[in-house]
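# Understanding the architecture of this molecule
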Amino acid sequence: MCFFVPPAALLQAGSMAESGQNYLILVLGISVLSLLVALLFSHYVLSQDSGTAQMQKISNAIKEGAEAFLRRQNKTIVVLALALAVVIYLGYSLGKGDATLAFRMTASFVIGAVCSLVAGFSGMWVSIRSNIRVASAARSDLNRALQIALRGGAVTGLSVVALSLLGVGILFWLFGGLENPQLVPHQIVAFGFGASFVALFAQLGGGIYTKAADVGADLVGKVEAGIPEDDPRNPAVIADLVGDNVGDCAGRGADLFESTAAENIGAMILGVSLFPVFGLKGVLFPLMARAFGLIASILGVMIVRVKGDEDPMKSLNRGYLMTTIVALIGFYVAVQILLQGNRMLFAAGVVGIVTSFLFVWITQYYTEYRYRPVLEIANSCKTGPATTIITGFAVALECTALPVLVISGAIMGSYYLGAHAGLAAPAQAAGLYGTAIATMGMLSTAAYILAMDTFGPITDNAGGIVEMSRQPEEIRRRTDRLDSVGNTTKALTKGYAIGSAALAAFLLFSAYIDEVKLLLKMGPEAPFPIDIGNVPVFTGALLGAMLVFLFSALAIRAVGKAAQTVIEEVRRQFRENKGIMEGTSDPEYGTCVDIVAKAALKAMVLPGILPVAGPVLVGVIFKHFSGPNDTMPVGATSVAALLMVGTITGILLATMMNNGGGAWDNAKKYIETGVFGGKGSDAHKASVVGDTVGDPFKDTAGPSLHVLIKLLSTITLVAAPLFV
């Protein structure tokens, strides 16, 4: 592709590139600094005491199982990613006849995939070494145990966001983005696709693993054998603890990596539409805002400490408040420097930050047993598993309403602020940039939120290590307090993730429309009608909704099949080795670990390929159904309808599964506090059944739908040239 550029424009571009280079260096410098802080946190964690020999034996079993599974999973992902990289290169080099573009798209995809793998692995590497140190610290000091767990989680949070910024920033620089910022963001969209592709398999594989082991351990251990959670006599307990790491650490790390990567690129593409107003600064603003969020997250983690005997959740909330305040200040500074101090655009960022708070509150309301929804489910457990599931499912359906109202308000509010920001640009382009800024605002605290998320499995594992090593009850009470907080932080992170996914989905949908307009050589202000009355377009929309449900069915079925195998294995060991229940012999933990690993790796492939192949097939096939009266390419508009309806369906279904599963889980925990007969009662057994139904909802299909929503957007961005 060749362009004639006048000499005056070249001089202006050179000046613009020089100033933009300084901003980009600042972004990359903050990213490197954040990685160095992550290394310091890692050193702090690893320098702590690693407990007794018995504690180390259990921790080593968890570590070996997690690392073995991740190695096997990553080998599968690498093979699939390399095959797809070849397809991308051939598609662009043969289909578009542009070898340079083919190389850049392929390189972006591969680098995005590699960074996503590294982000997931680095977080899990520290988490499986933090758990034993948290367990050891809990023997003497609750505050130190909490700080070890949070700083271990912060390694994941900082690594994920910093690697995302580094990857996007370096590619933008190497591909000549400082000289040609209007074109290069479109050439690095494959970075987000590579990250999304890896994240989907990481979240799927880890989610299937963790919930199959959890369901098997709970149903046989708690319901049939009547033994406590994390009891060393349960053959599936090590697999369950391994699952916490491969699902909630590695899987969620890859998930939020692809979120930040895809949203950075999507916002940069929308910044291109305002290039006449802000120039290069509008394109670089998303990176700068995210960089300041990293600084805010570091400060937030550093101030967390328990004061006396207070609830540990209060100290984490103080850290979150500090992170939010500093991120807000950083956001204001970024607007002053890069967006001409526009107050309306700053207000759009505030809308995003408020949205994150509202999603956290809504998630708390539907998943904590201080509130009506969980109390209703717990009360229904008194009459058996059937009423438990009916009431829980009703709560799951109900909990979609408030999030949709918040999302709608955030999109409308930020769009209005952008459209009325007084910019010398079309109102639609300015409004869409306002929604992009709101997304940046919501994700400004992403590193701290991810630290709190990883805090959950670390403290859960620590509690399991204390239980299995037969530590005194006083120590178990300390780890129980941290574990209870960890359950809350994991639920809050899921709410935050689906909220950010919803805002990002609209952002990426807008970026797809801009990409198609660029391919059709249409102006940014030109309308792009999607006629749902057109038969191929309506069919594309219907297929988008179906794809979400089919994907969820495959993910949940995989958990069910793997859990059946685990249940049969645990029953076999109890039946054939009576010494297990008597405490005179050890179970065969490794057998359950191997069973779940094989089942997860086998089951993740088909649902993982579905959202990649679906949009491409619709776009390529449906473009041949264009009629003589069609003013827009039917292939591109059919994919737009698939993307739009698939996104809406995915947001609703993910919200239902995340909050519904969390409500079932905490209804069980509420009964375990002693109400309605407490542990071992009929109500407790019914609540365990409800919890096992909700487990694949909240930890497998629900989180995987976050990734699917964004994967649909990134694959359509990458494959858009095939649809026109």
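Treat the numbers as computed from the prediction; the structure is a model and nothing was measured.

This part covers the overall build of the protein. Along its length, the protein carries 23 helices and zero strands. Rg of the C-alpha trace for the protein: 25 Å, near the compact-globule value of 27 Å for 724 residues, within the 12% margin. The principal-axis extents of the C-alpha atoms in the protein amount to approximately 85 × 55 × 45 Å. A total of 724 residues make up the protein; the buried ones form 64% of that total.

On to helix 23 (residues 682-719), then. With 38 residues, helix 23 ought to run about 56 Å at 1.5 Å a step, and its terminal C-alpha atoms sit 54 Å apart, in line with that. Along its length, helix 23 reaches its greatest deviation from straightness, about 35°, at Gly694, and the proline Pro696 lies no more than four positions downstream.

Right, let's get into unusual backbone geometry. The backbone phi angle of Gln340 is positive, close to 60°, even though this residue is not glycine. Note that Gln340 resides in the loop between helix 10 (312-338) and helix 11 (343-367).

The final tally for this structure, using the stated rule, is 19 salt bridges. Arg572 is paired through a salt bridge with Glu576; the nearest N and O atoms lie 2.8 Å apart. Highlighted residues: Arg572 and Glu576, both in helix 18 (residues 535-576), separated by four residues, approximately one helical turn. With a relative accessible area of 55%, Glu576 lands in the exposed category. In this structure, a network of salt bridges that share partners links the residues Asp665, Lys668, Lys669, Asp691, Asp695, Lys698 and Asp699.

Packing of helix 18 against helix 22 (residues 634-671) brings their axes to within 7 Å, and their N-to-C directions diverge by 35°. As helix 18 packs across helix 22, the resulting crossing turns out to be right-handed. Only Val634, Thr637, Ser638, Ala641, Leu642, Val645, Gly646, Thr649, Gly650, Leu653 and Met657 of helix 22 make contact with helix 18, whose side of the interface consists of Pro536, Val537, Gly540, Ala541, Leu543, Gly544, Ala545, Val548, Phe549, Ser552 and Ile556. Partitioned by chemical class, the residues of the contact of helix 18 with helix 22 number 14 nonpolar, eight polar and no charged.

On to helix 7 (residues 237-272), then. End to end, helix 7 covers 52 Å across 36 residues, agreeing with the expected 52 Å (1.5 Å per residue, within 8%). At Arg252, helix 7 shows its maximal kink, close to 30°. Counted residue by residue, helix 7 has 36 buried out of 36 residues, so it is predominantly covered.

Residues Phe172, Tyr209, Phe285 and Tyr512 are the most contacted members of the largest nonpolar core, which totals 239 residues. Counting residues per element, this core draws most heavily on helix 7, which supplies 19 residues. Apart from the residues lying within four places of it in its own chain, the contact partners of Phe172 are Leu24, Gly177, Leu178, Pro181, Val184, Pro185, Ile188, Met268, Leu280, Val283 and Leu284.

Within the element layout of this structure, Asn666 appears in helix 22. With relative accessibility at 11%, the residue Asn666 sits in the buried group.

Time to look at the packing of aromatic side chains. Evaluation of the coordinates by the stated rule reveals 16 aromatic pairs. Through a chain of ring-to-ring contacts, three or more aromatic side chains come together here, namely Phe109, Phe193, Phe197 and Phe201. We note Arg129 situated over the ring of Trp125; from NZ or CZ to the ring centre the distance is 4.0 Å. The ring of Tyr44 has Arg151 lying over it, and the distance from NZ or CZ to the ring centre is 4.9 Å.

A surface patch of nonpolar side chains, about 600 Å² in accessible area, is lined by Leu321, Ile325, Ile329, Tyr332, Val333, Ile337 and Phe357. Checked against the element boundaries, Leu321 lands in helix 10. Overall, the relative accessible area of 46% leaves Leu321 in the partly exposed class.

A few words on the packing of helix 3 (residues 99-137) against helix 7. Contact geometry for helix 3 and helix 7: axes closest at 8 Å, N-to-C directions at 145°. Our pair here, helix 3 against helix 7, has a crossing hand that is right-handed. Seen from helix 3, the contacting residues are Gly112, Cys115, Ser116, Ala119, Gly120, Met124, Ser127 and Ile128; seen from helix 7, they are Asn245, Val246, Cys249, Ala250, Ala254 and Phe257. In terms of residue class, the contact of helix 3 with helix 7 is built from nine nonpolar, five polar and no charged.

Right, let's talk about the environment of Gly674 for a bit. Summarising the element assignment, Gly674 is placed in the loop between helix 22 and helix 23. Sequence-wise, Gly674 and Lys382 are 292 residues apart; in three dimensions their C-alpha atoms are separated by 13 Å.

Relative to the helices and strands, Tyr433 is located in helix 15 (residues 427-442). Exposure remark for Tyr433: the relative accessible area of 1% places this residue in the buried category. Not counting residues up to four positions away in its chain, the partners in contact with Tyr433 are Ala267, Leu270, Gly271, Leu274, Phe278, Gly282, Phe285, Pro286 and Leu339.

We now examine the side chain of Ser108. In this structure, Ser108 sits in helix 3. Those residues within four positions of Ser108 in sequence are excluded, and the remaining contacts are Leu171, Phe175, Gln187, Ile188, Ala190 and Phe191.

Cut-offs used in this document
Position numbers for residues start from 1 in each chain and track the written sequence from start to end. Given that the model is predicted, a residue must reach a pLDDT of at least 70 before its local features are reported, and side-chain atom pairs must reach 80 or more before they are shown or counted; all residues, however, enter totals for whole chains, interfaces and linings. Hydrogens and waters are ignored; side-chain quantities use all the structure's heavy atoms. The way it works is that DSSP assigns letters per residue, a run of H or I at least four long becomes a helix, a run of E at least two long becomes a strand, and they are numbered from the N terminus. Two things to know: the radius of gyration comes from C-alpha atoms, and the globule rule equals 2.2 Å times the number of residues to the power 0.38. Exposure is judged per residue with a 1.4 Å probe applied to protein chains only, and the accessible area is read against the type maximum: over 50% gives exposed, under 20% gives buried, and values in between give partly exposed. The span you would expect from a helix comes to 1.5 Å times its residue count less one. A residue's bend is the angle separating two fitted axes: one through the seven residues that end there, the other through the seven that start there. Take a side-chain nitrogen of Lys or Arg and a carboxyl oxygen of Asp or Glu: if they are within 4 Å of each other, that pair is a salt bridge. Helix axes use the C-alpha atoms of the stretch in contact, all axes being lines fitted to C-alpha atoms, and the angles between their N-to-C directions lie in the range 0 to 180 degrees. Note on convention: near helix rotated counterclockwise from far helix by under a right angle means a left-handed crossing. Clockwise means right-handed. Residues are treated as being in contact if the distance between any of their heavy atoms lies within 4.5 Å. Residues are sorted three ways: Asp, Glu, Lys and Arg are charged, Ala, Val, Leu, Ile, Met, Phe, Trp, Tyr, Cys and Pro are nonpolar, and all the rest, Gly among them, are polar. To qualify as a nonpolar core, a set must consist of buried Ala, Val, Leu, Ile, Met, Phe, Trp, Tyr and Cys residues joined through side-chain atoms within 4.5 Å. Each Phe, Tyr or Trp ring (for Trp, its six-membered ring) is paired with any other whose centre lies within 6.5 Å, and the angle between the two planes then decides the class: stacked below 30 degrees, edge-to-face above 60, tilted in between. The criterion for a charge sitting over a ring is simple: Lys NZ or Arg CZ within 6 Å of the ring centre, and within 35 degrees of the ring normal. Patch definition: residues above 30% relative accessible area lacking any salt bridge, with like charges linked at up to 9 Å and the nonpolar side chains Val, Leu, Ile, Met, Phe, Trp and Tyr linked at up to 5 Å. Working definition of accessibility: Shrake-Rupley area with a 1.4 Å probe, residue cover restricted to the visible protein chains.

Spatial relationships are all this shows, so hold off on functional conclusions.
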